[in-house]
Every structure is written in C-alpha cells, then in structure tokens.
Amino acid sequence: QLGASAEPGTILEIPYTRNRAISLYQQTQHQHPIIGGYLSREIDYPVLDLPPLKELPNADGKDITVVKTSEAEIGRHMMQYAGIRWIVIRLRDPLLNRPGLPKFIEQFAQPTPLYQDADMIVYRPQPPTEPALPRYTLEIKGGWHEPEPFSEGPTHRMRWFERRGGIYGWNISDRSQNVSFDFDVWSFHQDARRLAVRVDGSDVGTWTVKDLQHFSLPLTLTPGRHQIELRSTLDPPQSPASLGLGSDQRLLSFGVSNLELKQR
C-alpha cells in the first residue's frame, strides 16, 4: 500500500535501528525515504539527537538549558521538519519497547491507525498542536563538567568548562529564525577571563568576564542543527586544589547557567 501511494513523505520505523536489513529490502518495494538504514559507514545523523528518537536530557530540569516547549511538541516539530509522513510500528521486532509504546503513540501518532496486522501498525504522525510555539531548542554537547546545583535562574543548575563548552542549537522549522542566545556566565575564582563565542566555526565576539554576567546575543539560525561554542583559549584554567580551595583537581575557566534560545 505504501508503494502504491504517490504521496511524498518519509517513513519512520519503530523501533529505530540502523542495521535492520529488511527495512532496506522493503524500501526497494515502497520507494519512500526512510529514517535510518543499514550503511557501511558512520554518518552524522542529526535527527537522532531530538525526540521522538531521543529524550531530552534536560527535560526533568536537571541540566542548564531552559526549555519552555514540551518534549512531545519538540518531537512533533522534528517529525514535521524531517518530512515524516508515516510511522510504522514493527510489532515482532524484539527491540520494541512495548511498555513505552502507548506513551509514544499518545505523544507522536494520530490515534487511528492507517493499517494494522500481526506484524505492524501504521500511523500518521501527530502534527504540532501549537504550531506558533518557538521551533528551536538547545542540547549540551562536549567539554562540560557534570551539572551542579545553582541558586539563581529557572534551571537551578550550572556547569563548569575548562577550555570549551559545546552546545547544539536547533532550528526545527523550514525557514531562518532570528533568535537571542541567552546565558549567565562567570569566571572561576573571580579572575577575569576572556570568553569567546563561536557559531558554526565563526567568531561572534570576545568579552572579558569576571563576576556573574548575563548575555543576550542576537543570532540568525538557518533550518537544522548549529554548533555553538563557549571558549576560553586565551587565559589558562585553574583548579580549586591549586588555589588551596579543597581537593578538587578539575581545571575550570567559566561557570554557565540558564542557556536559552528566545524569539527575537
């Protein structure tokens, strides 16, 4: 039936896996794009980093990013961004998370199946219920120490980094978005340090930071994923132990909290 449909769109198979060879065999029959596939090389596959295929690590408020859109809504926007038109649940796959399936269907699929048999159920994806909500989010990526308690701001968490704190900034829409990249930052042990911000390898600016300071940087993000970096490469990091502040041997430059992308 999928092969007979001239309707354009991508197929998302659940459970997701990159090495289900039958999926590619069946793709030769239905001729639609699929999410994933059995490939002989490693690829950069951004769609795996957001719902519905991956839970947001900060959804429970235990990290430093401010997320005002629900995880389910972000996943619906992501499916729309990826062009997903069919969700195929493979009932006989041993990797299928059956206990979590009702919640997945409730969040991401329209309630009435298009097709059902002993092997599979096929759904339409649930469109965003609030299409006017901001279609962007942030994800912590590389270079950070673990989150710690922080008393100021909505996240109540902070992280230190030594030389570089990596972040993915997502625009899951079909057009460029003018946003404000907001965060709170301070230098370790009150020593003024130079903080550089880069987006997709291009320098946004460099600032000298000592005490807690709030930044609100205007950015224009094209559709997709963007690499944002907070960097401290001009001034050496220090460890608390080297300053007689206990036994902590971590090298620290900046503390950061309350990362957020806002509509501008």
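Residues numbered from 1 in each chain as written. Predicted model: local features only at pLDDT ≥ 70, side-chain atom pairs only at ≥ 80, totals over all residues. Heavy atoms only, no water.

S.K.: So what's going on with the overall build of the chain? Residues and values would help.
M.R.: Helix and strand content of the chain: three helices and 14 strands. Counting only C-alpha atoms and orienting by the principal axes, one finds that the chain spans roughly 70 × 40 × 35 Å. Buried positions account for 47% of the 264 residues belonging to the chain. Across the chain, the mean location of the 29 positive side-chain charges is 2 Å away from that of the 31 negative side-chain charges. (Helix = DSSP H or I, 4+ residues; strand = E, 2+ residues; numbered from the N terminus. Buried < 20%, exposed > 50% of the residue type's maximum accessible area, 1.4 Å probe, protein only. Lys, Arg positive; Asp, Glu negative; His and termini not counted. Charge placed at Lys NZ, Arg CZ, Asp CG, Glu CD.)

S.K.: Would you mind going over the sheet that holds strand β13 (residues 224-231) in detail, with residue names and values included?
M.R.: Pairing in this open sheet of five strands is antiparallel, and the strands run β5-β8-β13-β10-β11 from one edge to the other. Across the chains shown, the open sheet's two edge strands, defined by having one partner strand only, are β5 (136-140) and β11 (202-209). Averaged over all pairs of adjacent strands, the angle between their axes in this sheet comes to 20°, without regard to strand direction. (Pairing = 2+ DSSP bridges. Axes fitted to C-alpha atoms, helices over the stretch in contact; angles between N-to-C directions.)

S.K.: Residue-level account of the side chain of E260, with values.
M.R.: Take E260: it is sitting in strand β14 (residues 254-263). Residue E260 is classed as buried on the basis of its relative accessible area of 8%. Discounting chain neighbours no more than four positions away, the residues touching E260 are V66, K68, L138, S180, F181 and D182. (Contact = heavy atoms within 4.5 Å.)

S.K.: Mind laying out the confidence of the model for the chain, listing which residues take part and the relevant values?
M.R.: On average, residues of the chain carry a pLDDT of 90, and 97% of them reach 70 or more. Confidence, read as mean pLDDT per element, is least for β5 in the chain (88) and greatest for strand β10 (residues 193-199) (97). (pLDDT = per-residue confidence, 0-100.)

S.K.: With reference to specific residues and values, describe the side chain of E139.
M.R.: Position of E139 among the secondary structure elements: in strand β5. Reaching out from E139, the side chain makes a polar contact with the side chain of K54 at a distance of 3.2 Å. (Polar contact = N/O pair within 3.5 Å; in protein donor to acceptor, adjacent residues only side chain to side chain.)

S.K.: Provide a residue-level description of the pairing of strand β2 (residues 84-90), including the pertinent values.
M.R.: A large share of β2 lies buried, amounting to six of its seven residues. Judged from the five bridges that link them, strand β1 (residues 10-14) and β2 form a sheet pairing that is parallel. By the bridge assignment for β2, T10 is matched with I84.

S.K.: With reference to specific residues and values, describe unusual backbone geometry.
M.R.: Between I14 and P15 the backbone carries a cis peptide bond, its omega angle lying at 5°. Looking at the secondary structure, you find P15 in the loop between β1 and α1 (21-30). Cis rather than trans, the peptide bond between P51 and P52 has omega equal to 10°. Mapped onto the secondary structure, P52 falls in the loop between α1 and α2 (71-81). Although it is not a glycine, Q31 adopts a positive phi angle of roughly 65°.

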